[in-house]
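What follows is each chain in one-letter form.
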Amino acid sequence: MIRIDAIWLATEPLDMRAGTETALARVVAVFGAAKPHNAYLFANKRANRMKVLVHDGFGIWLASRRLNRGRFVWPGSWQGAQLELSAEQLQALVVGLPWQRVGSGAEIRLL
């Protein structure tokens, strides 16, 4: 089992032809460093493909996911270059659900 303590989402698209080295370079550019036990998520422009880079403390894992129909609910760059997700939000994101409404994102704080 790979331990993941934090999940980070990059809002700018990534070319899905990118391999491990290119994805790692993007993580360093966007997040400053690839920290151990952190997962970094990227999508393509159409948001129907996603890549996840995980630093497990010893090496790098790179996985991809493609939706046969529909798109991932991906934020725009107007929300900043990066967002932190909870495990619940990640579970919603990978199946194409509106993850922003899961967890604390659904709280109403201002009337």
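Now for a look at the structure at hand. Computed from a prediction, not measured in an experiment: that's the story for all the values here. (Residues numbered from 1 in each chain as written. Predicted model: local features only at pLDDT ≥ 70, side-chain atom pairs only at ≥ 80, totals over all residues. Heavy atoms only, no water.)

## Describing the pairing of strand S3 (residues 49-55)
Two faces belong to every sheet, and in a regular strand the side chains alternate between them. With five of seven residues buried, S3 lies mostly within the body of the structure. Across six bridges, strand S2 (residues 38-43) lies against S3 in antiparallel orientation. The residue bridging Ala43 from the neighbouring strand is Met50, located in S3. In sequence, S2 turns back onto S3 through a hairpin of five residues, with Ala47 there showing a positive phi of about 60°. Sheet analysis places S3 next to strand S4 (residues 60-66), joined by seven bridges and oriented antiparallel. Considered in S4, the bridge of Leu53 is made with Leu62. Taking the residues between adjacent antiparallel strands as the criterion, S3 and S4 are bridged by four residues, where Gly57 takes a positive phi near 100°. (Buried < 20%, exposed > 50% of the residue type's maximum accessible area, 1.4 Å probe, protein only. Helix = DSSP H or I, 4+ residues; strand = E, 2+ residues; numbered from the N terminus. Pairing = 2+ DSSP bridges.)

## Section: a nonpolar patch on the surface
Side chains of Ile2, Ile4 and Trp61 sit close together on the surface and give an oily, nonpolar patch of about 280 Å² of accessible area. Along the chain, the position of Trp61 falls in strand S4. (Patch = residues over 30% accessible without salt bridge, like charges linked within 9 Å, V, L, I, M, F, W, Y side chains within 5 Å. Areas by Shrake-Rupley, 256 points an atom, 1.4 Å probe, with all protein chains shown as cover. Salt bridge = Lys/Arg side-chain N within 4 Å of Asp/Glu carboxyl O.)

## So, the packing of aromatic side chains
Taken as a whole and assessed by the stated rule, the structure comprises three aromatic pairs. Ring geometry for Phe31 and Phe42: centres 6.5 Å apart, planes at 75°, overall edge-to-face. Taken together, the positions of Phe31 in helix H1 (residues 20-31) and Phe42 in strand S2 put the pair eleven residues apart, joining distant regions of the chain. Pairwise contacts between aromatic rings join Trp8, Phe31, Tyr40 and Phe42 into one cluster. (Phe/Tyr/Trp six-rings, centres within 6.5 Å; stacked < 30°, edge-to-face > 60°.)

## Thoughts on the pattern of salt bridges
Close approach of charged atoms lets side chains of opposite charge pair. Counted according to the given criterion, the structure contains two salt bridges. Notably, a salt bridge pairs Asp5 with Arg3, separated by 2.8 Å at the nearest N-O pair. The partly exposed category is assigned to Arg3, whose relative accessible area is 48%.

## Comments concerning the sheet that holds S4
Pairing is mixed in the open sheet, where five strands are placed in the order S4-S3-S2-S1-S5. The strands lining the two open edges of the sheet, one partner per strand, are S4 and strand S5 (82-85). Across the sheet, the mean angle from the axis of one strand to that of its neighbour is 25°, orientation sign disregarded. Its contacts with the sheet put H1 on strand S1 (6-10), S2, S3, S4 and S5, and the angle it makes with S2 is roughly 105°. (Axes fitted to C-alpha atoms, helices over the stretch in contact; angles between N-to-C directions. Contact = heavy atoms within 4.5 Å.)

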